[in-house]
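Listed below are the residues making up each chain.
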Amino acid sequence: MKRKTVAVVDYGSGNLRSVSQAVQHVARAEDVDVRVTSSAQEVLDADRVVLPGQGHMGDCMRELAGSGLLASVLHAAANKPLFGVCVGMQMLLDRSEEGPTDGLGLFPGAVARFRLEGRLQADGSRFKVPQMGWNPVFHELGRPVHPLWAGIGEGAYFYFVHSFYARPVQSLHTVGEADYGGRFSAAIARDNIFATQFHPEKSADQGLALYRNFLSWNP
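Quantities reported herein were computed from a predicted structural model and do not represent experimental measurements.

Undergrad: Would you explain the side chain of Glu-201 in this entry?
TA: Secondary-structure assignment places Glu-201 in the loop between strand E13 (193–196) and helix H6 (204–216). A polar contact is formed between the side chain of Glu-201 and the side chain of His-199, at a distance of 2.7 Å. For Glu-201, the side chain forms a polar contact with the side chain of Tyr-211, separated by 3.0 Å. Ignoring any residue separated from it by four or fewer positions in sequence, one finds Glu-201 in contact with Asn-15, Ser-18, Val-19, Ala-22, Val-85 and Tyr-211.

So, in structure tokens, the structure goes:
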């Protein structure tokens, strides 16, 4: 029997080492082959795809287009489970203020910059941008909880590093929220796509649980 495969897309941007190591860690128990790849054919052939992203969204979009992987990523988004991480999540929307830059248009909406200048947190300290650190994520939003949250408690902490955040047009696309000067979308999903603003690979056991759930998710 052919082993199931996960392609971690290497288009020249993203925290590939940390992402791939985390996915490989949970994949061993599932007998799943994880490949970091810059091959469009391997992305097309994979059963599941992880799209990481790190840095400036404009650079990420240019590198994805220039890598020859754009068509295979769009094919994955239409046909198989796809997990976007950090800027890999932001790229799924229509556009971003960073640049500004056009995204992939897979989720109606935009990516906005935190505007928290002069505002104070509850402890009296100033909000800092980028947000860097652990933040609780809430996924019980008055509707069915997304399957990838299985076994992960409401308000579990995940690790964030970002200056921009997603604002999807349709509230149903938000499947996880965090608060940094106001509630924002920490995770979005529709059909076969799930994506997070935070870094599961830097989020200890709860992050590994998300990747483990992704490996068995059958949307």
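Next comes the rest of the description.
Undergrad: Can you walk me through the pattern of salt bridges in this structure?
TA: Any two side chains of opposite charge can pair, so long as their charged atoms come close to each other. Per the counting criterion, the structure on display carries eight salt bridges. Residue Glu-117 pairs with Arg-113 through a salt bridge whose shortest N-O separation is 3.5 Å. Of the charged contacts in the structure, one is a salt bridge between Asp-191 and Arg-190, with a shortest N-O distance of 2.8 Å. Judged by its relative accessible area of 58%, Asp-191 is exposed. Arg-190 sits in the partly exposed class, given a relative accessible area of 24%. Shared partners join several salt bridges into a network, and the residues in it are Asp-33, Arg-35 and Glu-42.

Undergrad: Please explain unusual backbone geometry as it appears in this structure.
TA: Excluding glycine, most residues fall at negative phi; most peptide bonds, likewise, are trans. Cis geometry is found at the peptide bond from Gly-99 to Pro-100, where omega equals -5 degrees. Note that Pro-100 resides in the loop between strand E5 (93–96) and strand E6 (101–102). Cis peptide bonds are those with omega within 30 degrees of zero, and the linkage from Val-129 to Pro-130 qualifies with 10 degrees. Relative to the elements of secondary structure, Pro-130 occurs in the loop between strand E7 (107–113) and strand E8 (131–137).

Undergrad: What's the story with the environment of His-199 in this structure? I'm lost.
TA: Examined against the element boundaries, His-199 turns out to sit in the loop between E13 and H6. The buried category is assigned to His-199, whose relative accessible area is 2%. C-alpha of His-199 to C-alpha of Leu-104: the two residues are 95 residues apart in sequence and 20 Å apart in space. The residues contacting His-199, other than those within four sequence positions of it, are Gln-54, Val-85, Cys-86, Tyr-159 and Val-161.

Undergrad: Can you help me understand the nonpolar core in this one?
TA: Note on soluble globular proteins: their nonpolar side chains tend to be buried together. In this structure, Phe-83, Trp-149, Phe-158, Phe-194 and Leu-210 are the most contacted members of the largest nonpolar core, which totals 72 residues. Those residues within four positions of Phe-194 in sequence are excluded, and the remaining contacts are Leu-82, Phe-83, Gly-84, His-146, Leu-148, Trp-149, Val-175, Ala-187, Ile-188, Ala-189, Leu-210 and Trp-217.

Rules of the game
- Throughout, residues of each chain are indexed from 1 in the direction in which the sequence is written.
- Note on the predicted model: pLDDT of at least 70 is required for a residue's local features to be given, and 80 or more for side-chain atom pairs to be given and counted; whole-chain, interface and lining totals, by contrast, use all residues.
- Values shown for side chains rest on all heavy atoms present in the structure; no hydrogens or waters enter the calculation.
- By definition, any uninterrupted DSSP run of H or I lasting at least four residues is a helix, any uninterrupted run of E lasting at least two residues is a strand, and each is numbered from the N terminus.
- A 3.5 Å cut-off defines polar contacts: any pair of N or O atoms within that distance qualifies, except that in protein one atom must be a possible hydrogen donor and the other a possible acceptor, and neighbouring residues in sequence count only when both atoms are side-chain atoms.
- We call two residues in contact when some of their heavy atoms are within 4.5 Å.
- For this document, the term salt bridge refers to a Lys or Arg side-chain nitrogen within 4 Å of an Asp or Glu carboxyl oxygen.
- The buried label applies to any residue whose accessible area, calculated with a 1.4 Å probe on protein chains only, is under 20% of its type's maximum; exposed applies above 50%, and partly exposed to all values in between.
- Residue types Ala, Val, Leu, Ile, Met, Phe, Trp, Tyr and Cys, when buried and joined through side-chain atoms within 4.5 Å, form a set referred to as a nonpolar core.

Shape is all these values report; function is a separate question.
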